[in-house]
Amino acid sequence: EIRNFPNWIGKSAIGVGPGLGTHSATCMALIPWIQKIQIPLLIDADALNAIAQWMQLGKPFVFPTGAILTPHPKEFERLFGSTQNGYERLLLASKKAVEHQCIIVLKGAITAICLPNAEVYFHANPNPLLATAGSGDVLSGIILSLLAQGYSPQEAALRGVMLHGKAGNMLKAKGYKHALAGDLVEQLAFIE
């Protein structure tokens with residue numbers, strides 16, 4: 001369990017979620033910490049699950065304006081409810097991005113980037129190498145690094161998804177049939 005989160009003052013960006021866990025004490029400390037953050041923020045994995053648990057208890061939660069959420073479909077469902085199909089999930093993701101004034105990167109074979117102005121961008125890159133364990137963490141790291149470099153949240157999300165896809169395509173072009181998350185990271189150095 002984690003009860004203390006770092007001071008964000010003086011930082012350029014923060015990412016939270018992968019490996020965090022959803023212990024109740026962690027959730028109780030995480031929620032007020034996230035709601036106070038005033039710098040670019042990426043929320044992924046267990047942080048999304050912790051927020052979902054909080055919201056399911058009927059407690060209010062306000063995402064910091066411009067936050068980037070990077071859920072896979074199950075995490076999205078835990079946060080915002082189930083849908084009948086991918087199209088309905090996409091409509092709900094776009095609605096929630098506007099409602100919460102955040103960016104939702106809905107991961108999948110076709111990744112959708114839903115913006116707070118109701119625009120939706122797609123990255124159609126059905127590459128099974130991007131479905132490997134840890135690939136979503138790599139995507140979060142790429143987006144977070146772009147935020148830390150001063151890119152706007154919208155630009156970081158769009159560029160991050162594109163770079164992640166390019167790394168996967170480079171592995172595919174090299175003949176990889178299986179990949180580790182670290183293989184994706186190594187390809188980033190070769191993207192122009």
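Structural notes, computed from the coordinates. (Residues numbered from 1 in each chain as written. Predicted model: local features only at pLDDT ≥ 70, side-chain atom pairs only at ≥ 80, totals over all residues. Heavy atoms only, no water.)

1. Things to note about the pairing of strand β5 (residues 110-114)
The following threshold applies: Burial classes: relative accessible area under 20% of the type maximum marks a residue as buried, over 50% as exposed, and values in between as partly exposed (1.4 Å probe, protein chains only). Numbering of helices and strands runs from the N terminus, with a helix taken as a DSSP run of H or I at least four residues long and a strand as a DSSP run of E at least two residues long. Two strands are said to pair when DSSP picks up at least two bridges between them.
Of all five residues in β5, four are buried; the element is thus mostly enclosed. Note that strand β4 (residues 103-106) and β5 share three bridges and pair antiparallel. Across the sheet, residue leucine 106 finds its bridge partner in β5, namely alanine 112. In this antiparallel pair of consecutive strands, β4 and β5, the connection spans three residues. Both β5 and strand β6 (residues 120-124) contribute to a ladder of five bridges, which runs antiparallel. Following the sheet pairing, cysteine 114 is matched in β6 by valine 120. Counted between consecutive antiparallel strands, the loop separating β5 from β6 contains five residues, among which alanine 118 sits at a positive phi close to 80°.

2. Topic: unusual backbone geometry
Of note, the phi angle at glutamine 101 is positive, near 50°, even though the residue is not glycine. Along the chain, glutamine 101 turns up in the loop between α4 (86-100) and β4. Take glutamine 101: its relative accessible area is 35%, and that puts it in the partly exposed class. Unusually for a residue other than glycine, alanine 118 sits at a positive phi of about 80°. In this fold, alanine 118 is placed in the loop between β5 and β6.

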